[in-house]
Amino acid sequence: MIVRRALGLVALAVLAGCGESTPRVDPALVDALAELHLADARAALDTVDARRPALADSLRRVALAAHGLDSAALAARLDQLAADPDVARATYDSVDAWLVRERQGPPPDSGATFFQP
């Protein structure tokens, strides 16, 4: 009786855990989306208004090519995300975290010491 009850509790725990799994996020897509965001931001900061669209297009093509994508492949990947809102949300949360890490820069080297001679 105790064994049967324990097995039942284990089965319930496993089934409950299955429904709450973290969506599978593609890290390569996260990198590509974050770099596209940075490309657009860089172009938007250009001081020559007339140059911004061409710069944005160029930077986006470079970012996509670095990840083996083109605009059609990116559109297909975004369509896949649109079909699964949980994965889309987790992907964009990952992009946000990537951008925050980028803004903060690398962590300081805890072993480094700096001297002023």
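Residues numbered from 1 in each chain as written. Predicted model: local features only at pLDDT ≥ 70, side-chain atom pairs only at ≥ 80, totals over all residues. Heavy atoms only, no water.

### A word on the overall build of the chain
Link 1 in the chain: Along the backbone of the chain there are five helices and zero strands.
Link 2 in the chain: The order of α-helices and β-strands along the chain, N terminus first, is α-α-α-α-α.
Link 3 in the chain: Counting every position in the chain, which comprises 117 residues, the buried fraction comes to 20%.
Link 4 in the chain: Intrachain contacts of the chain at a sequence separation of at least 6 include 65% that bridge at least 24 residues.
Link 5 in the chain: Carbon and sulfur atoms form 61% of the exposed surface of the chain, whose accessible area is close to 9,000 Å². (Helix = DSSP H or I, 4+ residues; strand = E, 2+ residues; numbered from the N terminus. Buried < 20%, exposed > 50% of the residue type's maximum accessible area, 1.4 Å probe, protein only. Contact = heavy atoms within 4.5 Å. Areas by Shrake-Rupley, 256 points an atom, 1.4 Å probe, with all protein chains shown as cover.)

### Re helix α3 (residues 52-66)
Link 1 in the chain: Over its 15 residues, α3 extends 21 Å from the first C-alpha to the last, a length consistent with the 21 Å expected when each residue adds 1.5 Å.
Link 2 in the chain: Of the residues making up α3, those classed as buried are Leu 55, Ala 56, Ala 63 and Leu 64. Along the axis of α3, the buried residues cluster in a sector spanning 160°; they form a single face. Residues Ala 54, Arg 61, Val 62 and Ala 65 are exposed on α3 and point more than 90 degrees away from its buried face. (Expected span 1.5 Å × (residues − 1). Arc of directions from axis to C-beta.)

### Some words on the pattern of salt bridges
Link 1 in the chain: Counted under the stated rule, the structure contains six salt bridges.
Link 2 in the chain: Between Arg 51 and Asp 46 there is a salt bridge; the shortest N-O distance is 2.8 Å.
Link 3 in the chain: In this structure Asp 46 comes out as buried when scored by relative accessible area, which is 6%.
Link 4 in the chain: For Asp 86, the salt bridge goes to Arg 89, with nearest N and O atoms at 3.2 Å. Pair noted here: Asp 86 and Arg 89 are both in helix α5 (residues 85-104), with a separation of three residues, about one helical turn. (Salt bridge = Lys/Arg side-chain N within 4 Å of Asp/Glu carboxyl O.)

### Some thoughts on the side chain of Asp 46
Link 1 in the chain: Looking at the secondary structure, you find Asp 46 in the loop between α2 (27-44) and α3.
Link 2 in the chain: A polar side-chain atom of Asp 46 sits 2.8 Å from the main-chain amide nitrogen of Val 48.
Link 3 in the chain: One polar contact links Asp 46 to Arg 51, side chain to side chain, over a distance of 2.8 Å.
Link 4 in the chain: Ignoring sequence-local partners within four residues, the contact set of Asp 46 consists of Arg 51, Arg 52 and Leu 55. (Polar contact = N/O pair within 3.5 Å; in protein donor to acceptor, adjacent residues only side chain to side chain.)

### Digging into the confidence of the model for the chain
Link 1 in the chain: Residues of the chain with pLDDT of at least 70 account for 73%, and the chain-wide mean is 80.
Link 2 in the chain: Between the elements of the chain, mean pLDDT differs from a low of 39, seen in helix α1 (residues 2-19), to a high of 95, seen in α3.
Link 3 in the chain: In the model, residues 1-18 has pLDDT below 50 throughout and makes zero contacts with residues more than four positions away in sequence or in other chains. (pLDDT = per-residue confidence, 0-100.)

### Details of the nonpolar core
Link 1 in the chain: Among the nonpolar cores identified, the biggest contains 16 residues, and Leu 33, Leu 36, Leu 74 and Val 95 are the most heavily contacted of them.
Link 2 in the chain: Mapped onto this core, the elements with two or more residues apiece are α2, α3, α4 (71-82) and α5.
Link 3 in the chain: When residues no more than four places from it in sequence are discounted, the contact partners of Leu 33 are Leu 74, Leu 78, Thr 91, Tyr 92 and Val 95. (Core = buried A, V, L, I, M, F, W, Y, C linked by side-chain atoms within 4.5 Å.)

### Considering the environment of Val 95
Link 1 in the chain: Tracing the backbone shows Val 95 in helix α5.
Link 2 in the chain: For Val 95, a relative accessible area of 7% translates into the label buried.
Link 3 in the chain: Separated by 64 residues in the primary sequence, Val 95 and Asp 31 have C-alpha atoms spaced 7.2 Å apart.
Link 4 in the chain: Discounting residues that sit within four places of it in the chain, Val 95 has contacts with Val 30, Leu 33 and Ala 34.

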